[in-house]
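As a plain string of letters, each chain reads:
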Amino acid sequence: MRVVEIRVKSALSRSGLPEYDYALNPYLGCSHGCRYCYAKDFTRGEPGEKWGEVVYVKVNLPEVLAREVRSLEPGVVGVSTITDPYQPIEAKYRLTRKSLEILLGAGFRASIQTKSTYVLKDMDLLFVHRRAVDVGLTITTFRPEVAKALEPGAPPPRARAAALSYIAELGVRTWVFLGPIIKGVNDSEDDWRPVLEVAARTHSEVTIDRYRPRPGADLMLASIGVRPAADPAWWSALAAKIKGECASLGLVCRTAEEEWREARSRGRGGVGLDKFL
Ligand code: SF4
């Protein structure tokens, strides 16, 4: 993994998504290196070109953010939208931690999405500010061979589920992102049913989404022999089946499109960019 320290002029960006007012990305690139990751297509330069192999670290982010929050209206911040805020490099730089301290201390809300158990290191802070944060864990399957192929650098799904349980037990609002679901790869009942069961145990809302083709992600998937074809009928039937199971488990479950429409209509949401791209 190549790590490059960079300095930035701005910290928060305006989010074009209805559920967030701002987006915060402490890193460019992501060492989790998920093969379906759309963020590759939204990341310029070396981290985007060598997805999963290079991470740029915004070392002066906290000082820039501390300056910015003084003049911005508090709102909901998506943490993060094109990187994982708790990828391993966070253990060294603590940029996510420092940023959350600044944001929450200034009255902003944070909606965190991660695949990493490193989020547990910040539970002291998240617990104190539990009315202003929500935490989403992405779980695409519990089958280890499939998860390893799709998400080679991310913590095992069982560890993510354990983290989710711990966070929920502390009274922090949790949610599960079940996606992207790729036809023929992680769309069997053995993939999604256990994820729903974890959501039910933790009283987490669920968002489901299908894989949405992007040039860079298509290439990464092709490198492991996966070539998803668009199939609206497949998704429509599968989404209905999953939502039916959610209903029987007493779970709130939405497709990404439904969540996006709801967020648009009320001007707020609580889900990540992953779901809409
Ligand atoms: S954890 Fe998220 S940002 Fe990182 S590679 Fe995977 S999908 Fe992309």
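Going by the structure above, here's the rest.
Residues numbered from 1 in each chain as written. Predicted model: local features only at pLDDT ≥ 70, side-chain atom pairs only at ≥ 80, totals over all residues. Heavy atoms only, no water.

K.L.:
Is there a simple way to explain the nonpolar core in this structure?
P.N.:
Here is a general trend for soluble globular proteins: nonpolar side chains tend to be buried in one another's company. The biggest cluster of nonpolar side chains holds 54 residues, and the ones touching the most others in it are Leu24 and Leu100. Of all the elements, helix H10 (residues 232-249) adds the most residues to this core, at six residues. Leu24 has contacts with Ala11, Leu12, Leu61, Leu65, Val77, Gly78, Val79, Ser80, Thr81, Ser99 and Leu103, leaving out every residue within four places of it along the chain. In this structure, Cys34, Cys37, Tyr211 and Val226 belong to the second largest nonpolar core, which totals 17 residues. (Core = buried A, V, L, I, M, F, W, Y, C linked by side-chain atoms within 4.5 Å. Buried < 20%, exposed > 50% of the residue type's maximum accessible area, 1.4 Å probe, protein only. Helix = DSSP H or I, 4+ residues; strand = E, 2+ residues; numbered from the N terminus. Contact = heavy atoms within 4.5 Å.)

K.L.:
Looking at this model, I keep getting lost on the packing of aromatic side chains. Mind explaining?
P.N.:
Working definition: an aromatic ring pair is given by the centre-to-centre distance plus the angle between the planes. Tallied over the full model, the rule gives three aromatic pairs. Judged by centre distance (5.7 Å) and plane angle (55 degrees), the ring pair of Tyr22 and Phe108 falls under tilted. Taken together, the residues Tyr22 in strand S3 (residues 22-24) and Phe108 in the loop between helix H4 (95-105) and strand S7 (109-114) connect sequence positions 86 residues apart. Exposure remark for Tyr22: the relative accessible area of 2% places this residue in the buried category. Looking at Arg130, its charged tip hangs above the ring of Phe127, at a distance of 4.1 Å from the centre. (Phe/Tyr/Trp six-rings, centres within 6.5 Å; stacked < 30°, edge-to-face > 60°. Lys NZ or Arg CZ within 6 Å of the ring centre and 35° of its normal.)

K.L.:
Is there a simple way to explain the site of the ligand in this structure?
P.N.:
Residues in contact with the ligand, as listed here, are Cys30, His32, Gly33, Cys34, Tyr36, Cys37, Trp51, Thr83, Asp84 and Lys115. Classifying every residue of the shell around the ligand by side-chain character gives five nonpolar, three polar and two charged. (Near = heavy atom within 4 Å. Nonpolar A, V, L, I, M, F, W, Y, C, P; charged D, E, K, R; others polar.)

K.L.:
Help me out: how do you make sense of the environment of Arg227 in this one?
P.N.:
Structurally, Arg227 can be placed in the loop between helix H9 (215-222) and H10. Residue class for Arg227 comes out exposed when judged on its relative accessible area of 65%. Note: C-alpha distance between Arg227 and Pro180 (47 residues apart in sequence) is 14 Å.

K.L.:
It is not clear to me how the packing of helix H8 (residues 189-202) against H10 should be interpreted in this structure. Could you clarify?
P.N.:
Packed helices, taken two at a time, are described by the angle their axes make and the gap between the axes. Running from amino to carboxyl end, H8 crosses H10 at an angle of 35 degrees, the nearest separation of the two axes being 10 Å. When the axes of H8 and H10 are compared, the crossing they make is right-handed. Across the interface between the two elements, Glu189, Trp192, Arg193, Leu196, Glu197 and Ala200 of H8 pack against Leu238, Lys241, Ile242, Glu245, Cys246 and Leu249 of H10. In terms of residue class, the contact of H8 with H10 is made up of seven nonpolar, no polar and five charged. (Axes fitted to C-alpha atoms, helices over the stretch in contact; angles between N-to-C directions. Left-handed = near helix turned anticlockwise from the far one by under 90°.)

K.L.:
Help me understand the pattern of salt bridges in this model?
P.N.:
Think of it this way: side chains of opposite charge can pair up when their charged atoms draw near. Tallied over the entire structure, the rule returns 22 salt bridges. Notably, a salt bridge pairs Arg94 with Asp122, separated by 3.1 Å at the nearest N-O pair. Taken together, the residues span a long stretch of sequence, with Arg94 in the loop between helix H3 (90-93) and H4 and Asp122 in the loop between S7 and helix H5 (123-128) at a distance of 28 residues. Residues joined by salt bridges that share partners form a network here, namely Arg94, Arg97, Glu101, Asp122 and Asp124. (Salt bridge = Lys/Arg side-chain N within 4 Å of Asp/Glu carboxyl O.)

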